[in-house]
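Geometric and topological summary
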Amino acid sequence: MSSNTTAPAVPPYNKNEEEEKKLILREYRALLRSLKESLKKGDKAMLRHAFEIAVEAHKNTRRKSGEPYILHPLAVAQIAVDEIGLGVTSAICALLHDTVEDTEITLEDITREFNTHISKIIDGLTKISNVVDLKADTTVQAENFRKILLTLADDPRVILIKLADRLHNMRTLESVNREKQLKISSETTYIYAPLAHRLGLYEIKSEMEDLALKYTQPEIYMEITQGLKETKRERSRYINEFIKPIKEELAANDFEFEIYGRPKAIHSIWNKMRKKHVTFDEVYDLFAIRVILKSTPEKEKEDCWKVYSIITNFYRPSTERLRDWISVPKGNGYEALHTTVMGPGGRWVEVQIRTERMNEIAEKGLAAHWKYKEGGATTAQESKLDSFLKHLRDILNNPDTDTIDFIQDIKLDLFTEEIYVYTPKGDMRVLPKGATALDFAFDIHTELGRRCIGAKVNYRLVPLSHKLVSGDQVEVITSSKQNPSEDWLNFLITAKAKSRVKSYLKEDKRKIAEDGKEALRRKLDHLKVPMSPHNLNELMHFFKKSSSLDLWYGIAVGNIDLKDLRNFVVHGDKLQPVHKEIKLDTKFANAEDVVKQKGGKPAELIIFGERSDKVLYKLAQCCQPIPGDDVFGFVTSGEGLKIHRTDCPNAAQLLANYGHRIVKTKWAKNKEISFLAGVRIIGMDDVGVIQKITNVISGELKLNMRSLSIDSKDGVFQGTIMVYVHDREELNNFCNKLGALEGISTIERLEGTEE
Ligand code: MN
């Protein structure tokens, strides 16, 4: 990868044996202190035992930073206890989490030294860590993700400890090489952060996302942290001014409370900049105000609303920005009252009101309930976790789901906001935002979904694809003649419904394919060749089908004409195509093979891997990289090598799912070839602005412009310029020149050819 982004320097590690011993013991004692209150008789001895086993097992290994390895499991245990709120069993498992994977210790040893409970959790953790296998096939990786989720459904502690493990790895990512930093960061954004979110671990989720941003897009990360630092003084002043009257009034009303302003996560600020096409200075809500109350379970709802009423006596609330997650908590257990009010100077300020109990849930999520369960007590929130796990198990138990699709679908489920809808009897169901009447039917029961022909929403008849909103009452209408069809997949959004429909369609397809298989068999009998794997492969290759099922299905529905078999000759019992097609193998083992196969005329712009091999490649349309951008190569199945920017919107998904197809790539120095890049500009409408822009382009900088389009409305114009540049430096120079023009307020690079 490009080396123009330097990782922060890590201080060299230099401790002697004596100092190391002391450090390790100090960390262990810190862990003990955190667990103190929850330790029962015998727990301490068991924890000590686990600690000693782990120390012994890892004694000869060090982390990339040079530290003794044991500091990692110790840190993971500490995170599990302090930040997720787990108990002693989990701390023991965290201490041992890498032993079976990396050392001589076996699961049997763990069972013998501890119990089957603990060894089961360790087993789950070991299986999950195999997921991070750079060489694994895509389907294998997806299958592994599925395994992660399965273990989650078994015992949530497995995934909670895994999240602690991942968080610590992210916190210490400085020491590993750039390639690994990207891979681990992408995986974190792709699967672990959404999981943390779904489990209500907001703090962990946002720290993961911030750290991932730090490594995938270091410049942006620096820009935002720097910006936050520079505006800190002004922000505190504003927050104090905002809080002052509220503080006095709350105190006058005998509330025991805490109130403070909290900067928003770097990652979410970046999202805002991206989505709204604004610069850091234009993001107005860099912080939220939080009020945390002492209250009792009976009075907490009333108290929160009282606080709301006091705040809105001072500042006018925005009517559409009120969120009551106290009456109906979020699916991940989150409870709070959110409102946005007009603060001093006409600025909108978000205020979050919650009790101490709600705050603990907000920080530790559903895991907080797990802790209560570990202690034996049960809470109402626990059923939320249970129903999420049940939902997950439901989807996972369907053996027919295509794993890659499945991960996509699950991810959608994990990330989206929720709506609350009701059955005719008044039972509430929680569905992701955008869910349709048909999703609702599948949510109630698979059979109901399968037979669904429409629904009555609030007594009004609507089609299957009707999007539901919170508060809708839904009655499903069915017919025994109804069967799922392909187009249902276009509007269904829940993972469960999609996977059920897909497996139904597959079943259906399989039945039809039987006819095709029979027809093919007769034809092959006639040619006196068997339907052997070799022959099937030749046919699949020729008819461009990826499975024998697709081949048979194609024959059955007439997409494939068996007359085309005349393109084959028979050699013994083997079919052979007459014209041996010369084409690239679609499954490249790695890019080096592409180099050799393509030979021919290599482009001279990109260097792959450690050696300076020059390879034929294409620039990805989705992000249009130019020299100077941080990039990686992706081996596609059919179009050779594609170069993406590491900040490409598709990068996280590619890096996380297709690790084995990623090729380290950097730019070679070159000044002869130009690359197309797009820039979006926004400014005040002004006669002659186009003239000024074109002057910069062709006069001053002598760039080649491909297109310029400008749209102007109400005195503001928005434009897109496509120019040819040699590298990023030239592009930056161009942007700076444009920025210096009067009347232009925003300039940003386009993500791709979206315009
Ligand atoms: Mn680990």
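Residues numbered from 1 in each chain as written. Predicted model: local features only at pLDDT ≥ 70, side-chain atom pairs only at ≥ 80, totals over all residues. Heavy atoms only, no water.

1. Quick word on unusual backbone geometry
Its identity is not glycine, yet Lys528 carries a phi of approximately 65°, on the positive side. Its location among the elements puts Lys528 in the loop between helix H23 (495-527) and helix H24 (533-542). Despite not being glycine, Lys544 shows a phi value in the positive range, around 55°. Looking at where Lys544 falls in the secondary structure, it is placed in the loop between H24 and helix H25 (548-556). Judged by its relative accessible area of 58%, Lys544 is exposed. (Helix = DSSP H or I, 4+ residues; strand = E, 2+ residues; numbered from the N terminus. Buried < 20%, exposed > 50% of the residue type's maximum accessible area, 1.4 Å probe, protein only.)

2. Brief notes about the coordination of the manganese ion
Within the first shell, the manganese ion binds the protein through His72 (NE2), His97 (NE2), Asp98 (OD) and Asp165 (OD), at distances of 2.2 to 2.5 Å. Motif for the manganese ion, donor spacing along one chain: H-x24-H-D-x66-D. Of the two residues, His97 sits in the loop between helix H4 (88-96) and helix H5 (99-102) while Asp165 sits in helix H9 (residues 156-171), which places them 68 residues apart along the sequence. Like His97, the residue Asp165 is buried in the burial classification. (Donors = N, O, S within 2.8 Å, 3.2 Å for Na, K, Ca; no water.)

3. Regarding H4
With 9 of 9 residues buried, H4 lies mostly within the body of the structure. Residues of H4 that are buried: Val88, Thr89, Ser90, Ala91, Ile92, Cys93, Ala94, Leu95 and Leu96.

4. Considerations on the side chain of Thr312
Note on placement: Thr312 falls in helix H15 (residues 300-314). According to the relative accessible area criterion, Thr312 is buried, its value standing at 19%. A polar contact is formed between the side chain of Thr312 and the backbone oxygen of Tyr308, at a distance of 2.9 Å. A polar side-chain atom of Thr312 sits 3.2 Å from the main-chain carbonyl oxygen of Ser309. (Polar contact = N/O pair within 3.5 Å; in protein donor to acceptor, adjacent residues only side chain to side chain.)

5. Looking at the sheet that holds strand S4 (residues 337-342)
Sheet strands pair via backbone hydrogen bonds, and the direction of the pair is either parallel or antiparallel. An order of S1-S2-S5-S4-S3 is seen for the 5 strands of this open sheet, with the pairing classed as mixed. What marks the edges here is a single partner per strand, and that holds for strand S1 (257-263) and strand S3 (323-324). Both S3 and S4 contribute to a ladder of 2 bridges, which runs antiparallel. Bridged to Arg323 within S4 is His338. In the packing of helix H16 (residues 356-364) onto the sheet, the strands contacted are strand S2 (287-293) and strand S5 (348-355), and the crossing angle to S5 comes to about 105°. (Pairing = 2+ DSSP bridges. Contact = heavy atoms within 4.5 Å. Axes fitted to C-alpha atoms, helices over the stretch in contact; angles between N-to-C directions.)

6. Some details on a negative patch on the surface
A cluster of acidic residues, Glu223, Glu230, Asp281 and Glu282, forms a negative patch at the surface. Structurally, the position occupied by Asp281 is in the loop between helix H14 (266-276) and S2. Overall, Asp281 belongs to the exposed group, its relative accessible area being 71%. (Patch = residues over 30% accessible without salt bridge, like charges linked within 9 Å, V, L, I, M, F, W, Y side chains within 5 Å. Areas by Shrake-Rupley, 256 points an atom, 1.4 Å probe, with all protein chains shown as cover. Salt bridge = Lys/Arg side-chain N within 4 Å of Asp/Glu carboxyl O. Lys, Arg positive; Asp, Glu negative; His and termini not counted. Charge placed at Lys NZ, Arg CZ, Asp CG, Glu CD.)

7. A closer look at the nonpolar core
Core analysis: the largest hydrophobic core is formed by 54 residues, its most contacted members being Leu47 and Leu96. If you list the elements that add at least two residues to this core, you get helix H1 (17-35), helix H2 (43-57), helix H3 (71-82), H4, helix H7 (116-129), H9, helix H10 (178-198) and helix H11 (202-216). When residues no more than four places from it in sequence are discounted, the contact partners of Leu47 are Tyr28, Leu31, Leu32, Leu35, Val88, Ala91, Ile92 and Leu95. (Core = buried A, V, L, I, M, F, W, Y, C linked by side-chain atoms within 4.5 Å.)

8. Here's the deal with the sheet that holds strand S21 (residues 716-725)
The 4 strands are arranged S20-S21-S19-S22 in an open sheet whose pairing can be described as antiparallel. Each of the sheet's edge strands pairs with one partner strand only, and the pair in question is strand S20 (704-713) and strand S22 (744-749). Taking each pair of neighbouring strands and ignoring which way they run, the sheet shows an average axis angle of 15°. Here 10 bridges tie strand S19 (residues 675-684) to S21, and the two strands are oriented antiparallel to one another.

9. Quick look at the pairing of strand S11 (residues 568-571)
In this sheet, strand S12 (residues 574-577) lies alongside S11 in antiparallel orientation, the contact comprising 4 bridges. Of the residues in S12, the one forming a bridge with Val570 is Leu575. The hairpin turn running from S11 into S12, its antiparallel successor, is 2 residues long, and Gly572 in that turn takes a positive phi close to 65°.

10. Digging into a positive patch on the surface
On the surface, a cluster of positive charge is made up of Lys275, Lys276, Arg321, Arg323 and Lys433. Note on Lys276: relative accessible area 52%, which makes it exposed.

11. Comments concerning the packing of H1 against H2
Running from amino to carboxyl end, H1 crosses H2 at an angle of 150°, the nearest separation of the two axes being 12 Å. Classified by the angle between their axes, H1 and H2 sit roughly antiparallel to one another. Here H1 runs over H2; the crossing is right-handed. Contacts from Ile24, Leu25, Tyr28, Leu31, Leu32 and Leu35 in H1 reach Lys44, Leu47, Arg48 and Phe51 in H2. Considered class by class, the residues forming the contact of H1 with H2 number 8 nonpolar, no polar and 2 charged. (Parallel < 35°, antiparallel > 145°, perpendicular 65-115°, else oblique. Left-handed = near helix turned anticlockwise from the far one by under 90°. Nonpolar A, V, L, I, M, F, W, Y, C, P; charged D, E, K, R; others polar.)

12. Focus: the confidence of the model for the protein
When pLDDT is averaged along the protein, the result is 80, and 81% of the positions lie at 70 or above. Helix H26 (residues 591-598) is the least confidently modelled element of the protein, averaging 36 in pLDDT, while S2 averages 95, the highest of any element. Note on residues 132-136: pLDDT under 50 across the span, and 10 contacts to partners over four residues away in sequence or across chains. Every residue in residues 609-614 scores below 50 in pLDDT, and together they form 13 contacts with partners more than four places removed in sequence or on other chains. (pLDDT = per-residue confidence, 0-100.)

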